[in-house]
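Fold and geometry: a report
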Amino acid sequence: MEKYLVIGDPIGHSRSPGMQNAAFEALGMGRPYGIRHVTPGELPDFFEYARENLSGVNLTIPHKLQAVQLSDRLSGCAKRCGSVNTLIIKDGIITGDSTDGYGLENALIHCFGRSLAGKRILFCGAGGAARATAVHLADCGCSEVSFINRTVSKAEELSAMCQRCSDGIVSECAEPGDEKKCIELLERADYLIQATSVGLKESDPSALPEKYFRPGMNLCIFDTIYRRTALQELADALGIPCANGKEMLVQQGAKSFELWTGVKPDLEVMRRGFDEGVTN
Ligand code: ATR
């Protein structure tokens, strides 16, 4: 019987089962990780099911905020960012944790090979993906965590959270149409994190316009979306280093696996599981 699940609404696209089951199999634990479609209205009942029947859960869109309220306990990280993507279930107690920030931090280090200490981070987006990760980056010694977002009030909320969590950190906000401010933020950033949902559909434009970038600018772009997007094509054309969201998914999944089993999984095994896209 499945002891671990990934849940979301929608959920059909998830690569987590292939990735996690590859790591479980490598430890001789079979393939205990499944996938289930759970709507927001079903989430409270799902928690009661999980309490009795499961050892661990990954949650994705749109459950990460509601899970903060439903968990019996929260890790320090989940409390600080107000987001839960991992449930650890032991003796009927459900602990909510968040491994997204760890996943992004380690994906940046893996993809671009530099530590984050003193680096300037610029998020494009201030929705769930930015909320789950920005505070963690502020915590890891970055000197700036700023936000470009269509709804400026959401950017300001995340900016205030980063400033509360890290004394003296620089955090500014801009809306995507403010060309002068956006270019100023992009010119001084070390990393641009694309954390909007723009790019999920094949027909989507680049999350930021081409005129905001210049060839060879000193910037690394990390797009949290793992399909090829217009922004990734633009970065390639301009010679700007760019990575997609695969490594973040692998790294956050590896941290969840470690929280459940106490074992650090083989990342190469998980990357291969991700690529194979096996779903059960
Ligand atoms: P959630 O907030 O639940 O993660 P979302 O509504 O898909 O999910 O939004 C994620 C991010 O993508 C947000 O930063 C959102 O901008 P707003 O805060 O202004 O809503 C951004 N986003 C979604 N669609 C967008 C679009 N067409 N243009 C620009 N930004 C967009």
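It should be emphasised that the depicted structure is a prediction, and the values quoted were computed from it without experimental measurement.

Each value, and the rule that gives it
- Residues numbered from 1 in each chain as written.
- Predicted model: local features only at pLDDT ≥ 70, side-chain atom pairs only at ≥ 80, totals over all residues.
- Heavy atoms only, no water.
- Salt bridge = Lys/Arg side-chain N within 4 Å of Asp/Glu carboxyl O.
- Helix = DSSP H or I, 4+ residues; strand = E, 2+ residues; numbered from the N terminus.
- Buried < 20%, exposed > 50% of the residue type's maximum accessible area, 1.4 Å probe, protein only.
- Pairing = 2+ DSSP bridges.
- Right-handed = clockwise from strand over helix to strand, strands pointing away.
- Contact = heavy atoms within 4.5 Å.
- Phe/Tyr/Trp six-rings, centres within 6.5 Å; stacked < 30°, edge-to-face > 60°.

**Describing the pattern of salt bridges**
- All told, the structure shown has 21 salt bridges when counted by the stated rule.
- Where Asp-72 meets Arg-51, a salt bridge forms, and the shortest distance between an N and an O atom there is 2.6 Å. Placement of the pair is Asp-72 in the loop between helix H3 (66–70) and strand S4 (73–74) and Arg-51 in helix H2 (residues 43–53), with a sequence separation of 21 residues.
- Overall, the relative accessible area of 39% leaves Asp-72 in the partly exposed class.
- Members of the salt-bridge network, linked through shared partners, are Arg-120, Glu-144, Glu-172, Lys-181, Glu-184 and Arg-188.

**Description of the pairing of strand S2 (residues 33–37)**
- Sheet topology places strand S1 (residues 4–8) next to S2; five bridges connect them, and they run parallel. What sits directly across from Gly-8, in S2, is His-37.
- Between the parallel elements S1 and S2, the chain passes through helix H1 (residues 16–26) in a crossover that is right-handed.

**Some remarks on the environment of Leu-65**
- You can see Leu-65 is positioned in the loop between strand S3 (56–59) and H3.
- Dropping the residues within four chain positions of it, Leu-65 is found in contact with Gly-82 and Arg-131.

**Some details on the environment of Glu-175**
- When you line up the elements, Glu-175 lands in the loop between strand S9 (173–174) and helix H8 (179–188).
- Residue Glu-175 is classed as partly exposed on the basis of its relative accessible area of 35%.
- Once the C-alpha coordinates of Glu-175 and Ala-155 are considered, the two residues, 20 residues apart in sequence, prove to be 8.7 Å apart.

**Here's the deal with H1**
- Of all 11 residues making up H1, nine are buried, and the element is well covered by its neighbours.
- Of the residues making up H1, those classed as buried are Ser-16, Pro-17, Gly-18, Met-19, Gln-20, Asn-21, Ala-22, Ala-23 and Phe-24.
- Buried residues in H1 make contact with S1, S2, S3, helix H10 (246–261) and helix H11 (267–276).
- Following H1 by one or two positions, Gly-28 has its phi on the positive side, about 75°.

**Here's the deal with the packing of aromatic side chains**
- Applying the stated rule across the entire model yields eight aromatic pairs.
- Judged by centre distance (4.7 Å) and plane angle (35°), the rings of Tyr-4 and Phe-24 are tilted. You can see Tyr-4 sitting in strand S1 and its partner Phe-24 sitting in helix H1, a full 20 residues away along the chain.
- Here Tyr-4 falls in the buried class, since its relative accessible area comes to 7%.
- We classify Phe-24 as buried; its relative accessible area is 0%.
- Pairing Tyr-4 with Trp-260 gives two aromatic rings, centres 5.0 Å apart and planes at 45°, and the pair type is tilted.

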